[in-house]
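A look at the structure
Residues per chain, in single letters:
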Amino acid sequence: PERGKRIDLQKSDFVLCYETAHNEEAPELFYDFVTTRINITVDMRTIKSRTHLQSLENEVRRLIHSKRKGDGVNFDRLVFKTRTDLSDRSKKMFRMTFQIEVVILAELIP
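Once a new chain begins, its residue numbering starts again from 1 and follows that chain's sequence as written. Local features in this predicted model are restricted to residues of pLDDT 70 or higher, and side-chain atom pairs are both shown and tallied only at a pLDDT of 80 or more, whereas totals for entire chains, interfaces and linings draw on every residue. By convention in this description, side-chain values take in all heavy atoms of the structure and omit both hydrogens and water.

Overview of the sheet that holds strand 3 (residues 77–85)
Worth spelling out the cut-off: Strands qualify as paired when DSSP identifies two bridges or more between them. A run of H or I in DSSP becomes a helix once it reaches four residues, and a run of E becomes a strand once it reaches two; helices and strands are each numbered from the N terminus. Orientation is described by lines fitted to C-alpha atoms, with helices fitted over the stretch in contact, and by angles between N-to-C directions that extend from 0 to 180 degrees.
Reading across from one edge, 1-2-4-3 is the order of the 4 strands in this open sheet, with antiparallel pairing throughout. Of all strands in the sheet, those with a lone pairing partner are strand 1 (14–25) and strand 3, marking the two edges. For this sheet, the mean angle separating the axes of adjacent strands, direction not counted, is 20 degrees. Where strand 3 lies against strand 4 (residues 94–108), 8 bridges are found, and the strand directions are antiparallel. For Asp 85, the partnering residue across the bridge sits in strand 4 and is Met 96.

Right under this line is the structure:
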């Protein structure tokens with residue numbers, strides 16, 4: 001807890017990932033399986049410059065889009081949902097958050 005408030009941006013940039021929601025949808029025909037949707041927030045922080053933040057953003061987007069079809073074992077789809085710029089000009093901290101959805105289709109109910 002509170003780890004995100006105690007990071008030292010003078011040493012390096014930070015990319016924090018954490019789960020924000022976990023939803024299960026039951027299909028109408030077969031009740032043995034569910035569709036699972038997991039929302040993940042990716043929080044990027046830097047004090048270098050806005051262009052450096054944009055290069056970090058491009059790398060995160062590249063990674064998300066390269067894995068968007070899933071691997072068929074761990075997850076089936078990766079969806080880039082929203083991007084929010086939370087930069088603070090007075091503190092010269094550049095920050096951006098992404099909302100990513102991981103979709104697992106037809107997951108067997110234990």
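Overview of the nonpolar core
Definition in use: Nonpolar cores are built from buried Ala, Val, Leu, Ile, Met, Phe, Trp, Tyr and Cys residues. Side-chain atoms within 4.5 Å join them into one set. The buried label applies to any residue whose accessible area, calculated with a 1.4 Å probe on protein chains only, is under 20% of its type's maximum; exposed applies above 50%, and partly exposed to all values in between. In this description, contact between two residues means that some pair of their heavy atoms is separated by no more than 4.5 Å.
If you look at the biggest cluster of nonpolar residues, it comprises 15 residues, and the most contacted ones within it are Val 42, Met 44, Val 60, Leu 78, Phe 98 and Ile 100. Elements represented by at least two residues in this core include exactly strand 2 (33–46), helix 1 (50–66) and strand 4. Counting residues per element, this core draws most heavily on strand 4, which supplies 6 residues. Leaving out residues up to four positions away in the same chain, Ile 100 has contacts with Ile 38, Asn 39, Ile 40, Val 42, Ile 64, Leu 78 and Val 79.

Observations regarding the environment of Thr 36
With respect to the secondary-structure elements, Thr 36 resides in strand 2. Take Thr 36: its relative accessible area is 0%, and that puts it in the buried class. On a C-alpha basis, the gap between Thr 36 and Glu 107 in space is 7.0 Å, while along the polypeptide they are 71 residues apart. Setting aside its immediate chain neighbours within four residues, Thr 36 contacts His 22, Asn 23, Glu 24, Val 102, Val 103, Ile 104 and Glu 107.

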